[in-house]
Amino acid sequence: MIHYFMKQTVPAVSMLGLLAAFGLTCFFTAKFADRLPRDAGREFAHDGKLSAGKPRGAGLIFILVFVASALIFAPMNLELMIYLILVTVEMLTGYLDDAAEHPWGELRKGLLDLAVAVILAITYLSFNPNTIKLAVPGISVTIPPLLFGALIVILVWGSVNVTNCADGVDGLSGSLVLVTLSTFYVVDHLMESGDEFNILILMFMVCILGYLWYNATPSLLMMGDAGSRAMGVFISIAALKSGSPVLYIPVAVVLILDGGLGLLKLSLIRVFHIHILKNVRTPLHDHVRKNMGWSNTQTLFRFAIIQIAVSMVVLSLILL
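Here we summarise the structure given alongside this text. No experiment lies behind these values; they were computed from the predicted model shown. (Residues numbered from 1 in each chain as written. Predicted model: local features only at pLDDT ≥ 70, side-chain atom pairs only at ≥ 80, totals over all residues. Heavy atoms only, no water.)

**Quick notes on the side chain of S244**
With respect to the element layout, S244 can be found in the loop between helix 8 (224-241) and helix 9 (248-251). Among the residues examined, S244 registers a relative accessible area of 0% and is labelled buried. Once residues within four sequence positions are removed from consideration, S244 is found in contact with K133, L134, A135, M191 and A239. (Helix = DSSP H or I, 4+ residues; strand = E, 2+ residues; numbered from the N terminus. Buried < 20%, exposed > 50% of the residue type's maximum accessible area, 1.4 Å probe, protein only. Contact = heavy atoms within 4.5 Å.)

Written out as structure tokens, the structure reads:
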């Protein structure tokens with residue numbers, strides 16, 4: 001009887017938590033948006049000056065609402081609590097950068113990302129096996145812990161930075177993250193790898209939806225690094241908890257290409273003095289708007305459509 005009661009109660013509480021998370025995100029965003037730091041405009045971004053004066057750093061609001069809602073309404077254990085702390089840390093580092101008079105240097109942010117990635121890797125390997133599933137062939141591979149830990153660090157660092165770089169068009173990064181997270185949610189169920197983390201995926205998604213209510217074109221405010229960096233680390237956790245982190249590549253391919261190509265170009269120039277994609281403006285959302293004449297709305301919808309199509313292919317292959 002007790003087991004039946006708990007089985008029925010947990011979904012009801014979780015559903016209430018989802019509604020509360022969405023409502024509170026909308027409420028606190030409307031109430032405190034004017035207290036956020038103001039954007040100075042991005043000098044080198046296409047139409048970057050149009051964002052000048054808008055509240056920036058809204059990630060502070062929807063991430064805090066997410067964490068509070070998760071602690072109150074979601075089943076919790078030590079592993080998940082550590083993940084919530086790491087998401088909060090990434091949010092705070094991003095917000096402090098958003099609010100700083102002079103932007104933080106790449107070295108400081110890189111070292112903070114590295115610290116978060118290492119702690120996340122240690123946490124994951126402490127609570128989960130060092131085995132991954134290759135979703136499509138249905139094969140499991142055991143990876144030596146040190147190598148797996150290094151790969152996790154790369155995944156976390158890459159996810160944080162490509163998601164951060166993809167933030168530059170009203171609603172774009174939030175919408176792409178919604179597609180990516182919803183795909184991982186379905187993957188968890190198809191591969192029966194879901195656990196308590198699944199409800200956190202849904203809760204994170206409804207908080208993003210609450211933010212997007214105000215960020216839809218023309219936006220009233222922006223998430224800033226506070227939101228994009230936290231979203232990046234959360235996606236990496238979702239990929240790991242799916243048991244098949246290699247799916248991060250196709251499930252987040254638009255984020256990777258949009259934000260990652262610029263990182264690749266810059267790294268090759270700085271380290272090897274190699275210039276690639278000279279005629280391609282990065283991030284790609286700037287290229288399609290500046291060089292191809294896409295509007296912000298076209299950029300958002302077309303990028304999202306591409307990611308939805310790729311995600312549908314991934315899900316259909318898993319079902320085979």
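Text resumes after the structure shown.
**Description of the nonpolar core**
Residues F66, L120, L181, F204, I208 and F234 are the most contacted members of the largest nonpolar core, which totals 88 residues. If one sorts the elements of this core by residue count, helix 7 (residues 197-215) sits on top with 13 residues. Discounting chain neighbours no more than four positions away, the residues touching I208 are F62, G174, V177, L178, L181 and M231. (Core = buried A, V, L, I, M, F, W, Y, C linked by side-chain atoms within 4.5 Å.)

**Points about the packing of aromatic side chains**
Under the criterion given, the structure shown has nine aromatic pairs. With centroids separated by 4.9 Å and ring planes inclined at 80°, the aromatic side chains of F66 and F204 adopt a geometry described as edge-to-face. Of the two residues, F66 sits in helix 2 (residues 59-73) while F204 sits in helix 7, which places them 138 residues apart along the sequence. Exposure class is identical for F66 and F204. Each is buried. In this structure an aromatic cluster arises from ring pairing among F66, F197, F204 and F234. Sitting over the face of the ring of W104, R108 holds its NZ or CZ atom 4.6 Å from the ring centroid. Sitting above the plane of the W294 ring, R302 keeps its charged end 4.7 Å from the centroid. (Phe/Tyr/Trp six-rings, centres within 6.5 Å; stacked < 30°, edge-to-face > 60°. Lys NZ or Arg CZ within 6 Å of the ring centre and 35° of its normal.)

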